[in-house]
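Single-letter residue listing:
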Amino acid sequence: MFQVEIIEKCKQNNRKAQLQLYNQYCDGMYIVAKRFLKDSAEAEDVVQEAFIKAFTKLHQYKAEVTFGAWLKRIVVNKSIDVLKAKKQRFVDLEEVQLKTVDTDSQETWMVDDSLTLEDVKEAISALPDKYQYVVMLYLIEGYDHQEISEILNISEVASRTQLSRGKVKLQDLLKSKKNGTRY
């Protein structure tokens, strides 16, 4: 069955179609939630809540983006809501104090071959929250600054600046890890 047909059946409350859609996306959405929430149970809860919201709001899905991208946005927002509820607050920055930092479009983001994926994940999780979320949304989830600004309720300028500063801090963490000074 084509995705469009499955979604149409889901809109009509067809439980088999909903289960099919759930099975197709649950693992990927769990991985997305787990990147934000370190606790497996919380990530599972977020995925369940995201699917419930998606199925109840499916009439709002206009197919302007893929269903997976639409659902991922719900999962990211729910994950951030959980973090906010845990009192992990984002640091608000005054726009007047920020300067836009544009990186060279030719810039490549290479990591030393001796570093593992686990090293990179640890370094990202060691970033301050205000940088960590922007870095994750931009580098891992692939959101642009406009989308990040909407998700985190910050300006695009703040998103660009926090990403730039977060990348510098991440590179420093990875360099010190490589040189053996971190642990």
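Residues numbered from 1 in each chain as written. Predicted model: local features only at pLDDT ≥ 70, side-chain atom pairs only at ≥ 80, totals over all residues. Heavy atoms only, no water.

Caption draft 1: Quick peek at the nonpolar core. Counting residues in each nonpolar core, the largest one holds 50 residues, and the members touching the most others are Leu 21, Phe 36, Phe 67, Val 76, Leu 137 and Leu 152. Sorting the residues of this core by element identifies α1 (3-11), α2 (15-36), α3 (40-56), α4 (67-85), α5 (117-125), α6 (129-140), α7 (145-152) and α8 (156-178) as the ones contributing at least two each. Apart from residues lying up to four places away in sequence, Leu 21 is in contact with Gln 3, Ile 6, Ile 7, Cys 10, Phe 51, Phe 55 and Phe 67. (Core = buried A, V, L, I, M, F, W, Y, C linked by side-chain atoms within 4.5 Å. Buried < 20%, exposed > 50% of the residue type's maximum accessible area, 1.4 Å probe, protein only. Helix = DSSP H or I, 4+ residues; strand = E, 2+ residues; numbered from the N terminus. Contact = heavy atoms within 4.5 Å.)

Caption draft 2: Quick peek at the pattern of salt bridges. Tallying each qualifying case throughout the model produces 4 salt bridges. The partner of Lys 11 in a salt bridge is Glu 8, and the shortest N-O contact between them spans 3.5 Å. Here Lys 11 and its partner Glu 8 are both found in helix α1, 3 residues apart, which amounts to about one turn of the helix. Measuring nitrogen to oxygen at the nearest pair gives 3.0 Å for the salt bridge that ties Lys 72 to Glu 141. In this pair, Lys 72 is assigned in helix α4 and Glu 141 in the loop between α6 and α7, connecting sequence segments 69 residues apart. Per residue, the accessibility class of Lys 72 equals that of Glu 141, and both read buried. Within this structure, Arg 35, Lys 72 and Glu 141 form a network of salt bridges that share partners. (Salt bridge = Lys/Arg side-chain N within 4 Å of Asp/Glu carboxyl O.)

Caption draft 3: The arrangement of the packing of α2 against α3 in detail. It is the contact of α2 with α3, at a shortest axis distance of 9 Å, that shows an interaxial angle of 135°. Classified by the angle their axes make, α2 and α3 are oblique. In this structure, α2 meets α3 at a crossing whose hand is right-handed. Contacts from Gln 18, Leu 21, Tyr 22, Tyr 25, Cys 26, Met 29, Tyr 30, Ala 33 and Lys 34 of α2 reach α3 at Ser 40, Ala 43, Glu 44, Val 46, Val 47, Gln 48, Phe 51 and Phe 55. (Axes fitted to C-alpha atoms, helices over the stretch in contact; angles between N-to-C directions. Parallel < 35°, antiparallel > 145°, perpendicular 65-115°, else oblique. Left-handed = near helix turned anticlockwise from the far one by under 90°.)

Caption draft 4: Up close: the side chain of Gln 132. In this fold, Gln 132 is placed in helix α6. Assessed through its relative accessible area of 6%, Gln 132 is described here as buried. Reaching out from Gln 132, the side chain makes a polar contact with the backbone oxygen of Ile 124 at a distance of 3.1 Å. (Polar contact = N/O pair within 3.5 Å; in protein donor to acceptor, adjacent residues only side chain to side chain.)

Caption draft 5: Fine view of α2. Taking 1.5 Å of rise per residue, the 22 residues of α2 would be expected to cover 32 Å, and the 29 Å separating its terminal C-alpha atoms lies within 8% of that figure. Here α2 has its buried residues at Ala 17, Gln 18, Leu 21, Tyr 25, Cys 26, Met 29, Val 32, Ala 33 and Phe 36. The backbone nitrogen of Lys 16 lies 2.9 Å from a side-chain oxygen of the residue at the head of α2, namely Asn 14. (Expected span 1.5 Å × (residues − 1).)

Caption draft 6: Region of interest: the packing of aromatic side chains. All told, the structure shown has 7 aromatic pairs when counted by the stated rule. With 5.7 Å between their ring centres and 90° between their planes, Tyr 61 and Phe 67 make a pair best called edge-to-face. The exposure class assigned to Tyr 61 is buried, which follows from its relative accessible area of 9%. Taking the relative accessible area as the measure of exposure, Phe 67 reaches 2% and is therefore buried. (Phe/Tyr/Trp six-rings, centres within 6.5 Å; stacked < 30°, edge-to-face > 60°.)

Caption draft 7: Region of interest: the environment of Gln 18. Tracing the sequence through the fold places Gln 18 in helix α2. Taking the C-alpha atoms as reference points, Gln 18 and Ile 7, 11 residues apart in sequence, are found 8.0 Å from one another. If we ignore the near neighbours within four places in the chain, the residues touching Gln 18 are Cys 10, Asn 13 and Phe 55.

Caption draft 8: Expanded view of a nonpolar patch on the surface. Nonpolar side chains collect at one region of the surface, where Tyr 138, Leu 139 and Ile 140 lie side by side and expose about 230 Å² of accessible area between them. On the secondary structure map, Leu 139 appears in helix α6. (Patch = residues over 30% accessible without salt bridge, like charges linked within 9 Å, V, L, I, M, F, W, Y side chains within 5 Å. Areas by Shrake-Rupley, 256 points an atom, 1.4 Å probe, with all protein chains shown as cover.)

Caption draft 9: Fine view of α4. Spanning 19 residues, α4 covers 27 Å between terminal C-alpha atoms, matching the ideal 27 Å at 1.5 Å per step. Among the residues of α4, Phe 67, Gly 68, Trp 70, Leu 71, Lys 72, Ile 74, Val 75, Val 76, Ser 79, Ile 80 and Leu 83 are the ones counted as buried. Tucked into the core, α4 has its buried residues touching α1, α2, α3, α6 and α7.

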